[in-house]
Amino acid sequence: MAQFQRPHSVREAAYAHLRGAILMGALLPGARISEPGLAQELGVSRTPVREALQRLAQEGLVELLPGKGARVRVLSAEEVREVYDVRALLEGEAAALAAQNATEEELNRLERLLQALDALPKEAYAQQMQVDFDFHTALIEAAHNKTLARIYADLRSSLTLVRSFQQTLSQHPKTRQQHQAILSALKARNPAEAAEAARAHVRHFRDLVMQSLQAQAWQ
């Protein structure tokens, strides 16, 4: 996990540290979280760690298992499909709006993020996922729709929990092609093409993840 920084509030520090570890992929779905172990690691009492876990459980990032402690939440196959379906709707609308509203600097930023993604080492999966996530977040921001951005932010916890299924896909040739299709449609100021490209990209990932889940179920 990242180095622990102790601000004024120990409670907030424990929460921010643990949440950051989950969002950055340092703690993957299903990973056990030891309350006493984490308290010792951070140099705090168990109380702020317990409160942080309860707060994260309310956000849907952590499961509290009676008699077994806590673990990073594991989504069911149905929940994974629902997350991707909602994401496709949101990103499709965001892309359509971004084709109309994005500034040239925002388009340039999207292009730089894709260049940065391509430049990362092939095995740097955590970094690839972060830059990939930054690209999609920048797409949402380029739509200039505050309500859409707020709804997408609310979905972030669930998106984080499904990212572990796609950690090797950020530099896949098909992913690169789909990202470029989104960017090209945005630059052409074509809302319909941008929306379809964004939806097709998310649905492609959805189908790959669902196939992976089905394969695991048969093992």
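These numbers come from a predicted model, not from an experiment.

Student: Can you tell me about the packing of aromatic side chains, naming the residues and giving the values?
Tutor: Scanning all chains against the criterion turns up zero aromatic pairs. Geometry around Y15 places R55 over its ring, the cationic atom sitting 3.6 Å from the centre.

Student: Pulling in residues and values, what's your account of the sheet that holds strand β1 (residues 32-33)?
Tutor: Across the sheet, which stays open at both edges, the three strands sit in the order β1-β3-β2 with antiparallel pairing between neighbours. Each edge of the open sheet is held by one strand with a lone partner, namely β1 and β2 (62-65). Judged from the four bridges that link them, β2 and strand β3 (residues 69-72) form a sheet pairing that is antiparallel. When the sheet's bridge partners are listed, L65 is paired in β3 with G69.

Student: So, the packing of helix α4 (residues 77-101) against helix α8 (residues 156-163): which residues are in play, and what are the values?
Tutor: Running from N to C, α4 and α8 cross one another at 120°; their axes reach a closest spacing of 10 Å. Here α8 runs oblique to α4, going by the angle between their axes. For the element pair α4 and α8, the recorded crossing hand is left-handed. Contacts from V80, V83, Y84 and R87 of α4 reach α8 at S158, L159 and V162. Here the residues of the contact of α4 with α8 sort into five nonpolar, one polar and one charged.

Student: For the packing of helix α6 (residues 125-142) against α8, give the residues involved together with the corresponding values.
Tutor: Between α6 and α8, whose axes approach to 12 Å, the crossing angle comes to 145°. Here α6 and α8 pass one another in a crossing that is right-handed. Only R156, L159 and R163 of α8 make contact with α6, whose side of the interface consists of M129, Q130 and F133. Residues belonging to the contact of α6 with α8 are distributed by class as follows: three nonpolar, one polar and two charged.

Student: Hey, could you go over the domain arrangement of the protein for me, with residue numbers and the actual values?
Tutor: How big an interface is tends to be reported as the loss of accessible area on association of its parts. Looking at the assigned domains, one finds that the protein contains domain 1 (10-72) and domain 2 (77-217). Its C-alpha centre places domain 1 at a distance of 28 Å from the equivalent point of domain 2. Across the boundary between the two partners, domain 1 contributes 10 residues, which contact seven residues of domain 2. For the pair domain 1 and domain 2, the summed buried area comes to about 770 Å², and 63% of that belongs to carbon and sulfur atoms. The largest share of the area that domain 1 buries against domain 2 comes from L23, M24 and P29, three residues that together contribute 56% of it. For the pair domain 1 and domain 2, the number of links is zero salt bridges.

Reading the values: rules and limits
Residues numbered from 1 in each chain as written. Predicted model: local features only at pLDDT ≥ 70, side-chain atom pairs only at ≥ 80, totals over all residues. Heavy atoms only, no water. Phe/Tyr/Trp six-rings, centres within 6.5 Å; stacked < 30°, edge-to-face > 60°. Lys NZ or Arg CZ within 6 Å of the ring centre and 35° of its normal. Pairing = 2+ DSSP bridges. Helix = DSSP H or I, 4+ residues; strand = E, 2+ residues; numbered from the N terminus. Axes fitted to C-alpha atoms, helices over the stretch in contact; angles between N-to-C directions. Parallel < 35°, antiparallel > 145°, perpendicular 65-115°, else oblique. Left-handed = near helix turned anticlockwise from the far one by under 90°. Contact = heavy atoms within 4.5 Å. Nonpolar A, V, L, I, M, F, W, Y, C, P; charged D, E, K, R; others polar. Domains from an automatic or database assignment. Buried area = accessible area lost by both parts, 1.4 Å probe. Salt bridge = Lys/Arg side-chain N within 4 Å of Asp/Glu carboxyl O.

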